[in-house]
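What the coordinates show
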Amino acid sequence: MIDKYIVSGINEIWYYLKKYKKRTDEWRADFYDAEGQLICSFEGDEETMERLKSDEETYALVTEMVDVAIMMGVDFVL
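The rules we used
- Residues numbered from 1 in each chain as written.
- Predicted model: local features only at pLDDT ≥ 70, side-chain atom pairs only at ≥ 80, totals over all residues.
- Heavy atoms only, no water.
- Salt bridge = Lys/Arg side-chain N within 4 Å of Asp/Glu carboxyl O.
- Buried < 20%, exposed > 50% of the residue type's maximum accessible area, 1.4 Å probe, protein only.
- Helix = DSSP H or I, 4+ residues; strand = E, 2+ residues; numbered from the N terminus.
- Pairing = 2+ DSSP bridges.
- Core = buried A, V, L, I, M, F, W, Y, C linked by side-chain atoms within 4.5 Å.
- Contact = heavy atoms within 4.5 Å.
- Expected span 1.5 Å × (residues − 1).
- Arc of directions from axis to C-beta.

Summed over all chains, the structure comprises 6 salt bridges. Where Arg-51 meets Glu-57, a salt bridge forms, and the shortest distance between an N and an O atom there is 2.9 Å. Look at Arg-51 and you get buried, because its relative accessible area is 13%. When the shortest N-O distance is used, the salt bridge between Arg-51 and Glu-64 registers 2.9 Å.

Structure (structure tokens):
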């Protein structure tokens with residue numbers, strides 16, 4: 001199952017990801033800006049689930065992914 005979110009800031013991505021930390025089924029969350037451009041995606045793999053256990057690690061994960069998107073030239077509007 002793929003969940004899709006339209007977000008207006010990094011804090012919203014962090015907020016939504018926190019909801020996944022206790023899930024045991026397969027999941028994927030895609031985050032888009034207001035114009036519908038994909039910013040980043042997360043899946044319930046082992047590394048992601050480990051990082052979701054801590055709010056600080058979850059926030060670090062989000063900022064790392066957004067930084068990668070910026071470096072890859074994604075010109076999103078947040």
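On to the pairing of strand β1 (residues 2–6). Burial of β1 is one-sided: the residues Asp-3 and Tyr-5 facing one way are buried, the residues Ile-2, Lys-4 and Ile-6 facing the other way are not. As paired strands, β1 and strand β2 (residues 28–32) are joined by 5 bridges and run parallel to one another. For Lys-4, the partnering residue across the bridge sits in β2 and is Asp-30.

Glancing now at the environment of Tyr-32. One can find Tyr-32 in strand β2. Taking C-alpha positions, Tyr-32 is 6.1 Å from Val-7, a pair spaced 25 residues apart along the chain.

Ile-13, Leu-17, Tyr-20, Trp-27, Phe-31 and Phe-42 are the most contacted members of the largest nonpolar core, which totals 16 residues. Of all the secondary-structure elements, those providing two or more residues to this core are α1 (10–18), β2, β3 (38–43) and α3 (55–71). Setting aside residues no more than four positions away along its own chain, Phe-31 makes contact with Tyr-5, Val-7, Ile-13, Tyr-16, Leu-17, Gln-37, Leu-38, Ile-39, Cys-40 and Phe-42.

Before going further, it helps to spend a moment on the side chain of Thr-48. Tracing the backbone shows Thr-48 in helix α2 (residues 46–51). Residue classification places Thr-48 among the buried residues on the basis of a relative accessible area of 8%. For Thr-48, the contacting residues outside a window of four places in its chain are Trp-27, Glu-43 and Leu-61.

Helical geometry: 3.6 residues make up each α-helical turn, so side chains three or four residues apart lie on a common side. Over its 17 residues, α3 runs 24 Å from end to end, which matches the ideal 24 Å to within 8%, given 1.5 Å per residue. Turning to α3, its buried residues are Thr-58, Leu-61, Val-62, Val-66 and Ala-69. In a view along the axis of α3, the buried residues occupy a sector of 125°, so they form one face of it. Structural note: α3 exposes Glu-56 and Met-71 on the side pointing more than 90 degrees away from its buried face. If you follow the buried residues of α3, they end up packed against α1, β3 and α2. Taken from the residues just after α3, Gly-73 is the one with a positive phi, measuring 90°.

No statement about biological role is implied by the geometric values presented.
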